[in-house]
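Below, each chain spelled out in residue letters.
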Amino acid sequence: MCIGCGACAAADPSLTLELDPERLLYRPSHASNAAAAAVCPAVQVDFHGLEEQVFPGQQSTPYGVVDTVMLAQSTDYDRNVKASSGGLIKELLLELLARDDVDGAICLDHVEGLRFEPRLVRDPDEIDMLPGSIYHAVPLDKALQLLREHDGRFVLVAIPCQLEGIYSYIYTHEPLLVSKIHTTIGLLCGWLYSHHALRAICRFKGVDFDQIEEISFRGGGPVGSLQIRTPDGLAKVSRRIDFSYQVAFDRSFNSPRCHLCINHSNFLADIVVGDAWLPSTVKTRTGISLLICRNPDTTELVRRMRKDGRLRTTDVTVDDIKESQKRQVVFGDFAYAYAEYRMEQGLHTPQMVGPNRSAAQLTGRRTVEEFHKDLVRKLELQGQRRYRYLWVRKATVEFPKLAKRYLNWFFVRILRVKSLLGVRKEVSREQVSIFR
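Residues numbered from 1 in each chain as written. Predicted model: local features only at pLDDT ≥ 70, side-chain atom pairs only at ≥ 80, totals over all residues. Heavy atoms only, no water.

A. Just helix 8 (residues 195-205), in detail. Counting buried positions along helix 8 gives 8 out of 11 residues, so the element sits mostly inside the fold. His195, His196, Ala197, Leu198, Ala200, Ile201, Cys202 and Phe204 are the residues of helix 8 that are buried. Where helix 8 terminates, the next one or two residues include Gly206, which has phi positive at roughly 70°. (Buried < 20%, exposed > 50% of the residue type's maximum accessible area, 1.4 Å probe, protein only. Helix = DSSP H or I, 4+ residues; strand = E, 2+ residues; numbered from the N terminus.)

So, in structure tokens, the structure goes:
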């Protein structure tokens, strides 16, 4: 269940994160103690307690603490295109780094090959050189290490489970560290994948996995493409249309904890950024972000950037969080049901009850049982690196489900319709006409 946040390594310095040779996910180097287990998001997360610490005095909702929700886009065309979304994170970093009370930003950066890790960025000129979203497993332990080692106040860019681990560690072991966090920019998370996913796509496309020099999962406009560079050249794979991509980035390639995650909306981040998958936004030439400001300060930050001509924004509602990301993700419909099933089976299950639990409509037992059975089999095949068998399986047994996904894609991206019955009023085209 490890997601590589590194909270355990901060609690127990004898631990390091290493890549499991079979699962191809990061894990602690050895069994540790109660201090490490107490801060591990794969053991438990006290969302209620953490929300009260991070957002004191603010009311939580099934969407977490929410001040405003917007659609937004950078006015910098190149930055926007490179992000394949709104280009918001880099715009926010540039704005915050210009402030006197910010001493740097802790962001994910490329080291070599598939290796990425957090580093401290102080120079605004370096922001546009940072990579975009990274979907495969990477060690994230250095973020906490940087916070502990450097004086000052910093912006932290993080995925949901990474923030869970960081805040759990801080409030349990080093509460003074919280004063070093100026603002947290969170990603709307769309799953984390093991390195098996990349090995599979490389095998399908004839790319030498061991020779990967650079990798990018986005870029070039909305949705973007997976781009893998080796000494032999650059391979590009469509993230929406390509069948092999659908096989290699099937949910069975996720970290096991992703199947139980009820926090894709990043409840603990001050400001949350992700793709706005809405019918009204799909025809943009670059991309539009969904932006959740969880406190008045971040709302004011975005309003000021709009006034200064850095951003285009339009206000929307919390309903658009659900419509953009799907209710089963936002409210944990499947994750809560799967957690109940695993506990009944005596399988290790992280203890997590988020603010969205009251809104969850649990997925049916039969669906959960079938998913678990398929997952166990697929993980066995991945461990044996029988990726071609998974390709054939997707083309035969699983093809009806895949066809349904393509049909949904057709309705949303081509016909711009998400609710065939018209049960919800979409964001108007006039409202998004300000965007490119």
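B. Quick look at the pattern of salt bridges. Going through the model one piece at a time under the given rule, you end up with 32 salt bridges. Notably, a salt bridge pairs Arg27 with Glu18, separated by 3.2 Å at the nearest N-O pair. A residue is classified by how much of its surface remains accessible, and Arg27, at 32% relative accessible area, is partly exposed. The class for Glu18 is partly exposed, based on a relative accessible area of 28%. Beyond isolated ion pairs, a larger network of salt bridges with shared partners links Asp76, Arg79, Glu91, Glu95, Asp128, Glu300, Arg304 and Arg310. (Salt bridge = Lys/Arg side-chain N within 4 Å of Asp/Glu carboxyl O.)

C. Fine view of the side chain of Gln382. By secondary structure assignment, the location of Gln382 is in helix 14 (residues 365-383). In this structure Gln382 touches Ser194, His196, Ser252, Phe253, Tyr387 and Leu390, once residues within four positions along its chain are discounted. (Contact = heavy atoms within 4.5 Å.)

D. Just the packing of helix 8 against helix 15 (residues 387-395), in detail. Helix 15 packs onto helix 8 with a crossing angle of 80° between their chain directions and a minimal axis gap of 10 Å. The angle between the axes of helix 8 and helix 15 places the two elements in the roughly perpendicular class. For the pair helix 8 and helix 15, contact is made by His196, Arg199, Ala200, Arg203 and Phe204 and by Tyr387, Arg388 and Trp391, respectively. (Axes fitted to C-alpha atoms, helices over the stretch in contact; angles between N-to-C directions. Parallel < 35°, antiparallel > 145°, perpendicular 65-115°, else oblique.)

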